[in-house]
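Spelled out, the chains give:
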Amino acid sequence: MINALLVSNRKLFFTLSFLGLVGMGSILAFIPMLLEVSLIQDIPLTASQLQLVSALQTGLMVVLMSWLGCKFANRVNLHAPIIEAVLNKNNFQHKLIKAIQPTLVGGILGGLLMVSFSFISMPHLPVEFVKIGEQLNPSWYTRLLYGGITEEILIRWGMMSFLVWLMYKFIQKNNEEVSSKYFIIAIVMTSILFGIGHLPVINLLGAEMTLALVSYIIIANSLFGFIAGWLFWKYGLESAIAAHMIAHIVMMSVSLLG
């Protein structure tokens, strides 16, 4: 039984690592575009060097977070139920049907929330940031693969699972069902950290880091994190991934409509 669990966990680790690395690869072509629109003229690294650094850094994080999730997620009743069922050759139809509606609602709501917040915030942001944003247009596959898959493996599967386990292990200190408050705290923390994680990219663009801009970046990127965290908690990693992809589709669709 233990050997079967180890094999299953190993398969899950390699599967999620592979998916996360595919998403990572999709964003490398976006780096030269960032350098082209950046207001900073003396960036010490070339586009190729930045791509290499980004690949190494993100690749390491993908592997680490895949491992953390595989080690701690199941201990606090967090799962990737459909992927796990496929790897173990089990039926996943019931879990898939159960997750469809909340995933669609979460993805559409998340996309509309981010679009609305951006629209409201735009008059208060630095003009140069707005102009740079108009020039940046990541490919659809970068948005879906990196945003949808890689970011969810990093933030939800790895970081959120580990935070919930830490609180359960060292605060709750018993074998009862994990308290809901730990999931909520972890959702809030990972969402805010996810927002903060976007600041280095904004800094690379050279826009003035005003309070309004920093607040916008953190809040805008945290909004969907609350939804994705809840979906991961209630329906599994695949629900958070799919909703993240749907949110990007909503934002791309609104952008195309002007």
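As a reminder, the structure under discussion sits directly above these lines.
A brief structural summary. Keep in mind the model is a prediction, meaning the values are calculated, not measured.

**Side note on the packing of aromatic side chains**
For step 1, the next point in the chain: Summed over all chains, the structure comprises eleven aromatic pairs.
For step 2, the next point in the chain: Ring geometry for phenylalanine 162 and tryptophan 165: centres 6.2 Å apart, planes at 20°, overall stacked. With phenylalanine 162 and tryptophan 165 both in helix H7 (residues 140–172), this residue pair falls three residues apart, about one helical turn.
For step 3, the next point in the chain: Residues tryptophan 165 and phenylalanine 170 carry aromatic rings whose centres are separated by 6.1 Å and whose planes lie at 85° to one another, so their mutual orientation is edge-to-face.
For step 4, the next point in the chain: Here the aromatic residues Phe72, Phe162, Trp165 and Phe170 are joined through ring pairs into a cluster of three or more.

**Considerations on the layout of surface pockets**
For step 1, the next point in the chain: Of the pockets and cavities examined, the second largest pocket occupies roughly 510 Å³.
For step 2, the next point in the chain: Surrounding the second largest pocket, 25 residues form its lining, Asn77, Leu78, His79, Trp233 and Lys234 being those nearest its centre.

**A look at the environment of asparagine 203**
For step 1, the next point in the chain: Looking at where asparagine 203 falls in the secondary structure, it is placed in helix H9 (residues 199–205).
For step 2, the next point in the chain: Its relative accessible area of 47% is what places asparagine 203 among the partly exposed residues.
For step 3, the next point in the chain: For the pair asparagine 203 and leucine 78, spaced 125 residues apart in the sequence, the C-alpha separation amounts to 34 Å.
For step 4, the next point in the chain: Once residues lying within four places of it in the same chain are set aside, the contact partners of asparagine 203 are Ile40 and Met209.

**Describing the nonpolar core**
Nonpolar side chains tend to gather and get buried jointly when the protein is soluble and globular.
For step 1, the next point in the chain: In terms of nonpolar packing, the biggest core is built from 43 residues, with Leu78, Trp157 and Val164 touching the most fellow members.
For step 2, the next point in the chain: Taken together, the elements giving at least two residues each to this core come down to helix H1 (2–27), helix H3 (47–72), H7, helix H8 (180–196), helix H10 (211–235) and helix H11 (237–256).
For step 3, the next point in the chain: Here the element with the most residues in this core is H7; it accounts for eleven residues.
For step 4, the next point in the chain: Here valine 164 is in contact with Val76, Leu78, Val178, Tyr182, Phe183 and Ala186, once residues within four sequence places are set aside.
For step 5, the next point in the chain: If you look at the next biggest cluster of nonpolar residues, it comprises 18 residues, including Phe30, Val37, Leu136 and Tyr216.

The rules we used
- Starting from 1, residues in each chain are numbered consecutively following that chain's sequence as written.
- Reporting of local features is limited, given that this is a predicted model, to residues whose pLDDT is at least 70; pairs of side-chain atoms are given and counted only at 80 or more, and all residues count toward the totals for whole chains, interfaces and linings.
- Only hydrogens and water are set aside; all other atoms, that is, all heavy atoms of the structure, feed into the side-chain values.
- Stacked, edge-to-face and tilted labels apply to pairs of Phe, Tyr and Trp rings (six-membered ring for Trp) whose centres lie within 6.5 Å, assigned for plane angles under 30 degrees, over 60, and everything in between, in that order.
- Only runs of H or I of at least four residues qualify as helices and only runs of E of at least two qualify as strands under DSSP, and these elements are numbered from the N terminus.
- A pocket here means an open set of points on a 1 Å grid, computed over the protein atoms alone, that has protein on both sides within 12 Å along at least five of seven lines. A cavity is instead a set of points where a 1.4 Å probe fits but cannot get out; residues with an atom within 4 Å of a point line either one.
- Grid points are joined across faces, edges and corners, and a volume is the space filled by probe spheres set on the points.
- Each residue gets one of three labels from its accessible area relative to the maximum for its type: buried under 20%, exposed over 50%, partly exposed in between, using a 1.4 Å probe on protein chains only.
- By definition in these notes, contact holds between two residues if any of their heavy atoms fall within 4.5 Å.
- For the purposes of this section, nonpolar cores are sets of buried Ala, Val, Leu, Ile, Met, Phe, Trp, Tyr and Cys residues that join through side-chain atoms within 4.5 Å.

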